[in-house]
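An overview of the molecular structure
The chain contents come next:
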Amino acid sequence: MSVEGAGRQRLFVGGSWLEPEGGYYGVVDPASEETVGWAPEASRDQVHAACAAAREAFGPWSRTTPEERAAVLARTAQIIGERFAAYAELAQAETGATIGTARGMQVGVGAARFRRYARVEPAEWAIPPQINEAGHGGASHAFKAVGEGRAGVMGALAVRQPVGVVTCITSYNNPWANPAGKIAPALAMGNTVVVKPAPQDPLSVYRMAEALEAAGVPAGVVNVVSGRAVEVGEAAVSSPDVDMVSFTGSTAVGQRIAEVCGRDMKRQLMELGGKGAAVVFDDADVGSAVAGIGTTFSFYSGQICTAPTRVLAQRGVYDRLVGQLAAYAGRLTVGDPREAGTVVGPVISAEHRDRVESYVETGRKEGAVVVAGGERPPYGTGFYVAPTLLADCTNDMRVAREEIFGPVVSVIPFDEEEEGIALANDTEYGLIDYVWSGDVARAFRVARRLRAGGVGINTVGRNMEAPFGGFKKSGVGRDVGSYALHAYSEVQAIVWPG
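Everything numeric here is computed off the predicted structure, so don't read it as measured data.

Let us now look at a nonpolar patch on the surface. On the surface, Trp 125, Ile 127 and Val 491 cluster together into a nonpolar patch covering about 260 Å² of accessible area. Within the fold, Trp 125 resides in strand S7 (residues 124-132). Accessibility expressed as a relative area gives 34% for Trp 125, which makes it partly exposed.

So this is what it looks like as structure tokens:
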């Protein structure tokens, strides 16, 4: 068993559940402020042991067939489905997510990602034969035939090979979909993993490890080590047994990880911060724009990097958009996420609530007008932030430039199309932007000029086979769908004479 006593969680290393050498710390329910359970604090040595276990398991696991690996992933998805209610209840308690979010977007998407990568895809593809014309003398035996004046036909094959041991460092906003989106494609490609979950809600990731163990994943292929200490993450990144780091989190932390990876030339996949621009033109369907932008208030209580937090509204629609967004925010029910009618739950911690509130106050001081929210909801317990709309912003304000990661939206007016594009691109980030316009040609024209890894046109929805990742300081690399299989593999060329 992975849990003993009163909710004391063990580490998962090399196929065994181990007592943590650093003791335990409490995981707090953001809604009730009660202790959900006790998470293990790994020591540096235990993290290194997890990396060594993954290294030892890599050889045998990488040599299994794709079908064998897919079968393990499929069984994992099935087991998650069988334990769905308990897993969703825990995810809600750890994150403060609403019922619908915990069930559908957390555990539901996590299971779906295991099912997705249980679908075997070709790991190799042919390259058209190349005719090498006669040359004027070769410098090596490899080109002797060409050097002697004989033409040759060279065949080639590109093969996806596993990278090796992958450290997966996951975000707190979704302890199911985010880890599953790393673990499942990494295992499908024949890698082994060391997972370092976010310290705020690691218990769900251990449940995922239990499901994988029950599905028959071999010892050492999946390891989970948690902790609040910085040294836990540092050890998981710097270990010489690790070949790649996949990280979701803040740009600042991502930059520090990248520095360590750069020293040893480790492969990186970084999904970092965002400050998504929603460019709303005069001819937009305002109702559609309000519903899409309004997800910033409700979806994970704004704790999501893809949120359209920076609204650029053309003058002709500005007042109407601000008025409708304010009304929308005011109608949202904030409160206990276990109540069926709740739309906006708490943020992850008291410290994060204070951070979000400090940004709202900074916005006021910078000259923004608070047209909705701005005050702490009147609850005795829970880390709640009211959906807040800041109008009359300028693009140089901190609330328009920095990632707040809460239910706060800033609105900036613009006049002409060129100005809107320039404002959207005037940011360090570039994860996902959005365009609302009734002119489809203009929407696609503007989308192509936005410096972002993704652009939603008249929607905040996503195609889960489309590549996901950022430009600029929003990240490095792409994953999701088949792109994740590329992300967790190296491409090898095999060439032969025809």
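Once the structure has been displayed, the description carries forward.
The subject of this paragraph is the nonpolar core. With 71 residues, the main nonpolar core has Phe 114, Leu 187 and Val 193 as its most contacted residues. One finds Tyr 172, Ala 289, Tyr 318 and Val 322 within the second-largest nonpolar core, a separate group that totals 39 residues.

Comment: phi is negative for the bulk of residues other than glycine, and the bulk of peptide bonds are trans. Even without being a glycine, Glu 33 presents a positive backbone phi close to 65°. Mapped onto the secondary structure, Glu 33 falls in the loop between strand S5 (24-28) and strand S6 (35-40). With a relative accessible area of 37%, Glu 33 lands in the partly exposed category. Phi at Val 480 takes a positive value of approximately 80°, unusual for a residue other than glycine. Looking at the secondary structure, you find Val 480 in the loop between strand S21 (475-476) and helix H17 (482-487). For Val 480, a relative accessible area of 10% gives the class buried.

We now examine the confidence of the model for the protein. Chain-level statistics for the protein give a pLDDT mean of 94 and a share of 95% at 70 or above. Residue range residues 145-149 is modelled with pLDDT below 50. Its contacts to residues more than four positions away, or to other chains, number ten contacts.

The calculated volume of the second largest pocket comes to roughly 260 Å³. Among the elements that line the lining of the second largest pocket, the one with the most residues is helix H2 (residues 66-82), at four residues. For the lining of the second largest pocket, a count of residues per class yields eleven nonpolar, four polar and four charged.

A sheet is described by the order of its strands in space; here three strands give the open sequence S7-S8-S22, paired in antiparallel fashion. Only two strands of the sheet have a single partner each, and these edge strands are S7 and strand S22 (489-497). Taking the axes of each pair of neighbouring strands and ignoring which way they run, one obtains an average angle of 25° across the sheet. Summarising the sheet, S7 and strand S8 (residues 152-162) pair through seven bridges and their orientation is antiparallel. Each residue of the ladder has a partner; that of Ile 131, found in S8, is Val 153.

Attention now goes to the packing of aromatic side chains. With the rule as written, the count across this model stands at eight aromatic pairs. Measuring from ring centre to ring centre gives 5.9 Å for Tyr 172 and Phe 405, while their planes differ by 90°; the resulting arrangement is edge-to-face. Here the residue Tyr 172 occupies a position in the loop between strand S9 (165-169) and helix H6 (177-188), and Phe 405 occupies one in the loop between helix H14 (398-401) and strand S18 (408-414), the gap between them amounting to 233 residues. Exposure class is identical for Tyr 172 and Phe 405. Each is buried. Measuring from ring centre to ring centre gives 4.3 Å for Phe 299 and Tyr 300, while their planes differ by 35°; the resulting arrangement is tilted. Accessibility expressed as a relative area gives 26% for Phe 299, which makes it partly exposed. An aromatic cluster is present here, built from Phe 12, Trp 17 and Tyr 206 joined pairwise through their rings. The ring of Trp 38 has Arg 8 lying over it, and the distance from NZ or CZ to the ring centre is 5.7 Å. Across from the ring centre of Phe 468, 4.1 Å away, lies the NZ or CZ of Arg 462, which sits over that ring.

On to the sheet that holds S18. Spatially, seven strands are ordered S16-S17-S18-S15-S14-S19-S20 in an open sheet, and the strand pairing comes out mixed. Every interior strand has two partners, whereas the edge strands, strand S16 (369-372) and strand S20 (454-457), have only one. Ignoring strand direction, the axes of neighbouring strands in this sheet form an average angle of 25°. Across three bridges, the pairing between strand S17 (residues 388-391) and S18 is parallel. Following the sheet pairing, Leu 389 is matched in S18 by Val 409. Across the face of the sheet, helix H10 (residues 286-293) comes into contact with strand S14 (277-280), strand S15 (310-314), S18 and strand S19 (432-436) while running at roughly 160° to S19. Of the strands in this sheet, S15, S19 and S20 touch helix H16 (residues 440-449), which is tilted by about 165° from S20.

How each quantity is defined
Residues numbered from 1 in each chain as written. Predicted model: local features only at pLDDT ≥ 70, side-chain atom pairs only at ≥ 80, totals over all residues. Heavy atoms only, no water. Patch = residues over 30% accessible without salt bridge, like charges linked within 9 Å, V, L, I, M, F, W, Y side chains within 5 Å. Areas by Shrake-Rupley, 256 points an atom, 1.4 Å probe, with all protein chains shown as cover. Salt bridge = Lys/Arg side-chain N within 4 Å of Asp/Glu carboxyl O. Helix = DSSP H or I, 4+ residues; strand = E, 2+ residues; numbered from the N terminus. Buried < 20%, exposed > 50% of the residue type's maximum accessible area, 1.4 Å probe, protein only. Core = buried A, V, L, I, M, F, W, Y, C linked by side-chain atoms within 4.5 Å. pLDDT = per-residue confidence, 0-100. Contact = heavy atoms within 4.5 Å. 1 Å grid on protein atoms, 1.4 Å probe; cavity = no way out; pocket = protein on both sides within 12 Å on 5 of 7 lines; lining within 4 Å. Points joined across faces, edges and corners; volume = space filled by probe spheres on them. Nonpolar A, V, L, I, M, F, W, Y, C, P; charged D, E, K, R; others polar. Pairing = 2+ DSSP bridges. Axes fitted to C-alpha atoms, helices over the stretch in contact; angles between N-to-C directions. Phe/Tyr/Trp six-rings, centres within 6.5 Å; stacked < 30°, edge-to-face > 60°. Lys NZ or Arg CZ within 6 Å of the ring centre and 35° of its normal.

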